[in-house]
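Residues per chain are reported as follows:
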Amino acid sequence: MRILAMDHGTRRIGIAVSDELQMIAQPLEFVAAEPLEGFFRRLSEVLQEKPSELILVGMPRNMDGTYGPAAEKVQAFIAQLRQATAVPIKTWDERLTSAQANRVLLQANVRRDKRKEKVDKMAAAILLQSYLDSRA
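Conventions adopted
- Residues numbered from 1 in each chain as written.
- Predicted model: local features only at pLDDT ≥ 70, side-chain atom pairs only at ≥ 80, totals over all residues.
- Heavy atoms only, no water.
- Helix = DSSP H or I, 4+ residues; strand = E, 2+ residues; numbered from the N terminus.
- Rg over C-alpha atoms; globule rule 2.2 N^0.38 Å.
- Buried < 20%, exposed > 50% of the residue type's maximum accessible area, 1.4 Å probe, protein only.
- Contact = heavy atoms within 4.5 Å.
- Areas by Shrake-Rupley, 256 points an atom, 1.4 Å probe, with all protein chains shown as cover.
- Lys, Arg positive; Asp, Glu negative; His and termini not counted.
- Charge placed at Lys NZ, Arg CZ, Asp CG, Glu CD.
- Pairing = 2+ DSSP bridges.
- Axes fitted to C-alpha atoms, helices over the stretch in contact; angles between N-to-C directions.
- Core = buried A, V, L, I, M, F, W, Y, C linked by side-chain atoms within 4.5 Å.

**Student:** Give me the lowdown on the overall build of the protein, citing residues and values where you can.
**Tutor:** For the protein, the count of helices and strands is 4 helices and 5 strands. Reading the protein from its N end, one meets helices and strands in the order β-β-β-α-β-α-β-α-α. Relative to a compact globule of 136 residues, whose C-alpha radius of gyration would be 14 Å, the protein shows 14 Å and is just as compact. With respect to the principal axes defined by its C-alpha atoms, the protein has extents near 40 × 35 × 30 Å. Across the 136 residues in the protein, those meeting the buried criterion constitute 44%. Pairs at least 24 apart in sequence give 62% of the contacts found in the protein among residues at least 6 apart. Total accessible area on the protein stands at roughly 7700 Å², and carbon and sulfur atoms take up 50% of it. The protein carries 20 positive and 17 negative side-chain charges, and their two centres are separated by 5 Å.

Spelled out as structure tokens, the structure:
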């Protein structure tokens with residue numbers, strides 16, 4: 001079974017998925033964060049297309065390891081997510097994933113307007129790959 005990862009943002013939620021052997025993360029798509037019902041509808045479709053045994057949600061932390069206002073928003077999102085799906089949910093430290101995603105896209109010469117579309121799903125893939133590598 002796969003693992004699905006999410007990078008929660010105020011405007012977009014990036015989604016990535018592992019292969020069935022849970023070795024490689026692949027960016028999948030981004031979905032608008034609002035309206036939340038629309039996101040949950042799309043999530044349900046994604047889970048039907050790519051059944052997953054775990055949903056990994058990036059938990060923002062400050063550089064000193066503490067949690068701030070962004071983490072509170074993600075915790076509220078997770079509470080709603082638990083109501084919307086029966087798939088187990090786990091959080092994972094997402095520090096610097098968006099910065100890493102931007103750096104990768106810059107190195108690939110992706111234009112600025114296209115980077116905005118790709119950064120969220122790429123950040124989710126980096127988050128997921130970090131989790132997969134930690135289990136090896």
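And the narrative resumes.
**Student:** Just give me the short version of the sheet that holds strand β4 (residues 52-59), but keep the residues and values in it.
**Tutor:** Neighbouring strands of a sheet are bound in pairs by backbone hydrogen bonds; such pairs are parallel or else antiparallel. The sheet built from 5 strands is open, its strands ordered β3-β2-β1-β4-β5 with mixed pairing. Whereas interior strands pair on both sides, the edge strands pair on one side only; in this sheet they are β3 (25-32) and β5 (89-93). Between one strand axis and the next, the sheet turns through 25° on average, direction left out of account. Sheet topology places strand β2 (residues 12-18) next to β3; 7 bridges connect them, and they run antiparallel. Bridge pairing in β3 places Ile13 opposite Val31.

**Student:** Outline the nonpolar core, listing residues and values.
**Tutor:** Residues Leu4, Met6, Phe39, Ile55, Phe77 and Leu81 are the most contacted members of the largest nonpolar core, which totals 23 residues. If you list the elements that add at least two residues to this core, you get β1 (2-8), β2, α1 (36-49), β4 and α2 (69-84). Element by element, the count of residues in this core is highest for α1, at 6 residues. Dropping the residues within four chain positions of it, Met6 is found in contact with Ile13, Gly14, Phe39, Leu43, Ile55, Leu56, Val57, Gly58, Phe77, Leu81, Ala124 and Leu127. Among the nonpolar cores identified, the runner-up in size contains 12 residues, and Ala25, Leu127, Leu128 and Tyr131 belong to it.

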